[in-house]
Amino acid sequence: MAEKIVQVVAHMETTAEKADKLVEICLGLIDPSRKDYGCIQYDLFQNEENPGKVTFIEQWESKKALDDHLNTPHLIEGLQKIGELVVKPSEVNVLSKLA
């Protein structure tokens, strides 16, 4: 049986003063993550009313591809930097498409 495509929606929030730094770090994850095996989509969005809120919307060929991505040096380093900026824990939803 083929593995299901996995969708990820990850929300992060920082203060207005740190918004530019958060966006800079997140943008730095785009190109290397899009090159990771199994990446179908890896996009970053910014809340229009609150620039300190950003959201990644990702799609991976399988849970294994996502797990491999989560262990890449660029993501581990990026998440460490993001962790120093966020004002509350990031909300990460891993979703399987039903229909």
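Thresholds applied
Residues numbered from 1 in each chain as written. Predicted model: local features only at pLDDT ≥ 70, side-chain atom pairs only at ≥ 80, totals over all residues. Heavy atoms only, no water. Buried < 20%, exposed > 50% of the residue type's maximum accessible area, 1.4 Å probe, protein only. Helix = DSSP H or I, 4+ residues; strand = E, 2+ residues; numbered from the N terminus. Arc of directions from axis to C-beta. Contact = heavy atoms within 4.5 Å. Expected span 1.5 Å × (residues − 1). Polar contact = N/O pair within 3.5 Å; in protein donor to acceptor, adjacent residues only side chain to side chain. Disulfide = S-S within 2.5 Å.

### Regarding helix 3 (residues 73–83)
- Listing the buried residues of helix 3 in full gives Leu75, Gly78 and Ile82. Seen from one end, helix 3 has its buried residues packed into an arc of 65°, which puts them on one side. More than 90 degrees from the buried face of helix 3, the exposed residues found are Pro73 and Gln80.
- Looking at the buried residues of helix 3, the elements they touch are strand 1 (6–13), helix 1 (19–34), strand 2 (39–46) and helix 2 (63–70).

### With respect to helix 1
- Here helix 1 contains 16 residues, and its C-alpha end-to-end distance of 23 Å stays within 8% of the 22 Å for a straight helix at 1.5 Å per residue.
- Within the sequence span of helix 1, burial applies to Ala19, Leu22, Val23, Ile25, Cys26, Leu29, Ile30 and Ser33. Buried positions in helix 1, seen along its axis, are confined to an arc of 165° and lie on one side of it. Within helix 1, the exposed residues directed more than 90 degrees away from the buried face are Asp20, Glu24 and Asp31.
- Contacts from the buried residues of helix 1 go to strand 1, strand 2, strand 3 (53–60), helix 2 and helix 3.

### A word on the side chain of Glu13
- Here Glu13 shows up in strand 1.
- Its relative accessible area of 18% is what places Glu13 among the buried residues.
- A polar side-chain atom of Glu13 sits 3.3 Å from a polar atom in the side chain of Lys88.
- Beyond its immediate sequence surroundings of up to four residues, Glu13 is in contact with Asn50, Gly52, Lys53, Leu85, Val86, Val87 and Lys88.

### As for the state of the cysteines
- Counted by the stated rule, this structure contains 0 disulfides.
- In this structure Cys26 is not part of a disulfide, and its nearest cysteine sulfur, from Cys39, lies 15 Å away.
- With a relative accessible area of 0%, Cys26 lands in the buried category.
- On the basis of relative accessibility, which here comes to 17%, the residue Cys39 falls in the buried class.

### Some remarks on the environment of Leu70
- With respect to the secondary-structure elements, Leu70 resides in helix 2.
- Linking Leu70 and Thr55, residues 15 residues apart in sequence, is a C-alpha distance of 16 Å.
- Setting aside chain neighbours within four positions, we find Leu70 in contact with Leu75 and Ile76.

Bear in mind that shape data such as this cannot, by itself, settle questions of function.
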